[in-house]
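Structure assessment
Now for the letters of each chain:
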Amino acid sequence: MAPLIEAELAGQVLQRALQHGGDFAEVFCEERSGLGLAIDESRVERVQRGSERGAGVRVVRGETSYFAHVDGLGESELGRAAAAVAAAARGDRREIQALAAAEPPPLQEIAVAPAEVPAERKAELLRACDQTARSGGDEVAQVQASYAEGRRRVTVANSEGRFAVDDRTRVRLGVQVVARRNGAVETGFETLGGHRGFELVTEGAAERTAERGRRRAG
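In what follows, the accompanying structure is described. Each chain has its residues counted from 1, following the order in which its sequence is written. At least 70 in pLDDT is required for a residue's local features to be given in this predicted model, at least 80 for side-chain atom pairs to be given and counted, and no such filter applies to totals for whole chains, interfaces and linings, which use all residues. Where side-chain values are given, they derive from all heavy atoms of the structure, hydrogens and water being excluded.

**Comments concerning the overall build of the chain**
So the rule is basically this: Only runs of H or I of at least four residues qualify as helices and only runs of E of at least two qualify as strands under DSSP, and these elements are numbered from the N terminus. Based on C-alpha atoms, the radius of gyration is set beside the globule rule, defined as 2.2 Å times the residue count to the power 0.38. Whether a residue is buried, partly exposed or exposed follows from its accessible area with a 1.4 Å probe, protein chains only, as a fraction of its type maximum: under 20%, in between, or over 50%, in that order. Contacts between residues were defined by any pair of non-hydrogen atoms, one from each residue, lying within 4.5 Å. Methods summary: accessible areas were calculated by the Shrake-Rupley approach with a probe of 1.4 Å, and residue burial reflects only the protein chains presented.
Looking only at helices and strands, one finds four helices and eight strands in the chain. Going from the N terminus to the C terminus, the chain shows its helices and strands as α-β-β-β-β-α-β-α-β-β-β-α. Taken over the C-alpha trace, the chain has a radius of gyration of 24 Å; the compact-globule value for 218 residues is 17 Å, which it surpasses by more than 25%. Counting across all 218 residues of the chain, residues that qualify as buried make up 42%. Expressed as a percentage of contacts within the chain between residues at least 6 apart in sequence, the contacts between residues at least 24 apart total 68%. Total accessible area computed for the chain in this model is approximately 11900 Å², and 44% of it derives from carbon and sulfur atoms.

**Comments concerning the side chain of Asp130**
When you line up the elements, Asp130 lands in helix α3 (residues 119-134). The residues touching Asp130, leaving out its near neighbours within four places in the chain, are Ile39, Ser42 and Val143.

**Comments concerning unusual backbone geometry**
Of note, Ser42 is a non-glycine position whose phi angle comes to about 65°, a positive value. When you line up the elements, Ser42 lands in the loop between β1 (24-40) and β2 (43-44). In this structure, Asn182 is a non-glycine residue whose phi angle is positive, near 55°.

Any link to function would need more than the numbers given here.
Right under this line is the structure:
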């Protein structure tokens, strides 16, 4: 897994954060991206996309922590955050230990990266959910379904020599069915999600999720 910042830059940020003292320093970098869309009354709503990246720099001195956050992961942004916490923390200057990569966690089994799948294919999943749920007959009064995906990348480095990265992808599909019969209203909800790729919701998984939601509605 590729880090969000290189170890050399992370070391420079930590050194700057501790230039006026402190017992411990850490830089935490994060990047998030996601997509979501839904179908209601058999109409697919507009795709919503979002992404953000930023970093936090923390210095601990005794029982006090000093923290600064910036948007972006460039050298100048990280430098500003390090300078901010260094200005707040005062004490004896401390040198950081050489950074060494931590043992990476087991990789996720991602067969199909969600971001590489066209939005129209994801909309087709929602239409399949809608059609499957409505196949239950006239008793089905309303069907709503939603699809969401997200990816979170993290890189952490600290003055004790730790340098670690993580990369997580998640996919979620939810179906809600409202049925009316004999004057009573029943609602069924079913969801499918996990830290997997787009393959989680293919090969009939969407239809099976919608069918379980319809059955829960009675």
